[in-house]
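# Topology and contacts: notes
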Amino acid sequence: MTDERAQDDDHREKQRGPVTLRRDRSEESTTTDQRLLDSRGPSDWVHTDPWRVLRIQAEFVEGFGALAEVPRAVTVFGSARTGEDHPEYELGMRIGSALAKAGFAAITGGGPGAMEAVNRGASEAGGVSIGLGIELPFEQGLNRWVDLGVNFRYFFARKTMFIKYSQAFICLPGGFGTLDELFEALTLVQTKKVTKFPVVLFGTAYWQGLYDWLRDSVHASGKIGEKDLALLHLTDDVDDAVRVVEEAYQAWSDTH
């Protein structure tokens, strides 16, 4: 009888939706429906991985829904620490305004500093000013110049929106966040996950050192090719930056 009991224990099985639970894992005192309908008990379930999947799904649905009818757009990155009295703030406003006048929506991370400047320039020029915010412990909400804003919990969902709804990236001087988005975009273009996607580094005094390192160390040692280095365009001129964006968009439009 002991052996039979052991065999029965080994074959214990329970279905939890598409999930199969066997042996000791099958011993659950409640069902999924019961836990859903029971208002008592701890709220730890909200923070479990299966629930996070639904939150992630909701972020993608919300983002796609909010941005689906956005016209052609350019994402502009830059430091949240740029003060309103800093020359880079004025540059951000000029870029946002120029993009709006060229018929592009301006997308930023929705925060303060350079992001606010771009949103402000686009909004004051009568363009579409978009902010895709992220939940962070040290930044508060979307800036007041965002006309269409979406807040995200997850960086990867937010990054997808930047790429999916932009025709180009313009990077003002910025920190880790700007560098993260810059190299993500370069990787996606290099691997042909996205095409006809220019990346403009605005501010040669700030970006030249990085470009020189990529050329003299990374490219020189064979880690990237000549075409990879050519993905970057350095400029200090707003009209030049917009020209690069427009030419790339036209080339893309001609093939679609």
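Scroll up to find the structure.
These remarks concern the structure in this document.

Cut-offs and rules
Per chain, the residues get numbers from 1 upward, laid out in the order the sequence is written. Given that the model is predicted, a residue must reach a pLDDT of at least 70 before its local features are reported, and side-chain atom pairs must reach 80 or more before they are shown or counted; all residues, however, enter totals for whole chains, interfaces and linings. As a rule here, side-chain values come from all non-hydrogen atoms in the structure, and water together with hydrogens is ignored. A simple rule labels every residue: compare its accessible area, found with a 1.4 Å probe on the protein chains alone, to the largest value its type can have, and call it buried under 20%, exposed over 50%, or partly exposed in between. Only DSSP runs of H or I covering at least 4 residues are called helices, and only runs of E covering at least 2 are called strands; the numbering of each starts at the N terminus. One requirement defines pairing of two strands: DSSP has to find at least two bridges between them. A pairing counts as a salt bridge when a side-chain nitrogen of Lys or Arg comes within 4 Å of a carboxyl oxygen of Asp or Glu. The axes are straight lines fitted to the C-alpha atoms, using for helices just the contacting stretch, and the angles between their N-to-C directions are given from 0 to 180°. We call two residues in contact when some of their heavy atoms are within 4.5 Å. Only buried Ala, Val, Leu, Ile, Met, Phe, Trp, Tyr and Cys residues count toward a nonpolar core, and they belong to the same one when joined by side-chain atoms within 4.5 Å. Expected helix span is taken as 1.5 Å per residue step, with the number of steps being one fewer than the number of residues. Here the arc refers to the directions that run from the helix axis out to each C-beta atom. Angles are sorted into four bins: roughly parallel if under 35 degrees, roughly antiparallel if over 145, roughly perpendicular if 65 to 115, and oblique for all others. Two helices cross in a left-handed way if the nearer one is turned anticlockwise from the farther one by less than a right angle. They cross in a right-handed way if the turn is clockwise. Residue polarity follows a fixed list, in which Ala, Val, Leu, Ile, Met, Phe, Trp, Tyr, Cys and Pro are nonpolar, Asp, Glu, Lys and Arg are charged, and the others, Gly among them, are polar.

## Brief notes about the pairing of strand β3 (residues 73-77)
Counting buried positions along β3 yields five of five residues, so the element is predominantly enclosed. Residues of β3 alternate between two faces, with A73, T75 and F77 on one and V74 and V76 on the opposite face, all of them buried. Summarising the sheet, β3 and strand β4 (residues 105-108) pair through three bridges and their orientation is parallel. What sits directly across from V74, in β4, is A106. Note: β3 against strand β7 (residues 169-171), three bridges, orientation parallel. Bridge pairing in β7 links F77 to C171.

## A closer look at the pattern of salt bridges
Once the charged atoms of two side chains with opposite charge are near each other, the side chains can pair. Here the structure, examined in full by the defined rule, presents eight salt bridges. Between R120 and E84 there is a salt bridge, with the nearest N and O atoms lying 3.1 Å from each other. On the criterion of sequence distance, the pair formed by R120 in helix α5 (residues 114-124) and E84 in the loop between β3 and α4 (87-101) is long-range, its members being 36 residues apart. In this structure, K159 engages D180 in a salt bridge whose closest nitrogen and oxygen atoms are separated by 2.7 Å. One end of the pair, K159, is in helix α6 (residues 155-164); the other, D180, is in helix α7 (residues 176-190), and 21 residues separate them in sequence.

## A look at the sheet that holds strand β8 (residues 199-202)
The pairing of strands in a sheet comes from backbone hydrogen bonds and takes either a parallel or an antiparallel form. Taken together, the seven strands give an open sheet; going across it, the order is β6-β5-β4-β3-β7-β8-β9, and neighbouring strands pair in parallel fashion. Looking at which strands have only one partner, the edges of the open sheet turn out to be β6 (148-152) and β9 (232-235). Neighbour-to-neighbour, the strand axes of the sheet open up by a mean angle of 20°, direction not taken into account. In the packing of helix α3 (residues 49-67) onto the sheet, contacts are made with β5 (129-134) and β6, and the angle to β6 comes to roughly 170°. Contacts from α5 reach β3, β4 and β5, with the element oriented near 160° to β4.

## A short note on the nonpolar core
The biggest cluster of nonpolar side chains holds 35 residues, and the ones touching the most others in it are L132, L182, F197 and L232. Here this core takes five residues from helix α8 (residues 204-219), the largest share from any one element. If we skip the residues at most four places from it in the chain, L182 touches C171, V199, L201, W207, L210 and L232. Formed by 22 residues, the second largest nonpolar core is a distinct cluster that contains V74, A98, A168 and V200.

## Describing α7
Helix length check: α7 (15 residues) gives 21 Å between terminal C-alpha atoms against 21 Å at 1.5 Å per residue, within 8%. Turning to α7, its buried residues number three or more, namely T178, E181, L182, A185, L186 and V189. All buried residues of α7 project into a common sector of 135° when viewed along the axis, lining one side. Buried positions along α7 lie against β3, α6, β7, β8, α8 and β9.

## Section: the pairing of β8
Each regular strand shows side chains that alternate between the opposite faces of the sheet. Covered by surrounding structure in β8 are V199 and L201 together with V200 and F202, the residues of both alternating faces. As defined by bridge partners, β7 adjoins β8 across three bridges and the pair is classed as parallel. If you follow C171 over to β8, its bridge partner there is L201.

## Let's talk about unusual backbone geometry
The phi dihedral of K192 is positive, around 60°, even though this residue is not glycine. Tracing the backbone shows K192 in the loop between α7 and β8. Look at K192 and you get exposed, because its relative accessible area is 67%.

## Describing the packing of α7 against α8
For the pair α7 and α8, the least separation of the axes is 14 Å and the interaxial angle reads 40°. Here α7 lies oblique to α8, going by the angle between them. Every pair of crossing elements has a handedness; the one defined by α7 and α8 is right-handed. Listed contacts from α8 to T178, L179, L182 and F183 of α7 are W207, L210 and L214. Class assignment of the residues belonging to the contact of α7 with α8 gives a composition of six nonpolar, one polar and no charged.

## Some remarks on the packing of α4 against α5
Between α4 and α5, whose axes approach to 6 Å, the crossing angle comes to 40°. Comparing their axes, α5 and α4 come out oblique. By crossing handedness, the relation of α4 to α5 is classed as right-handed. Contact with α4, carried on its side by Y89, G92, M93, G96, S97 and A100, involves E116, A117, V118, R120, G121, A122 and E124 of α5 and no other residues of that element. When the residues that make up the contact of α4 with α5 are grouped by side-chain class, the tally is six nonpolar, four polar and three charged.

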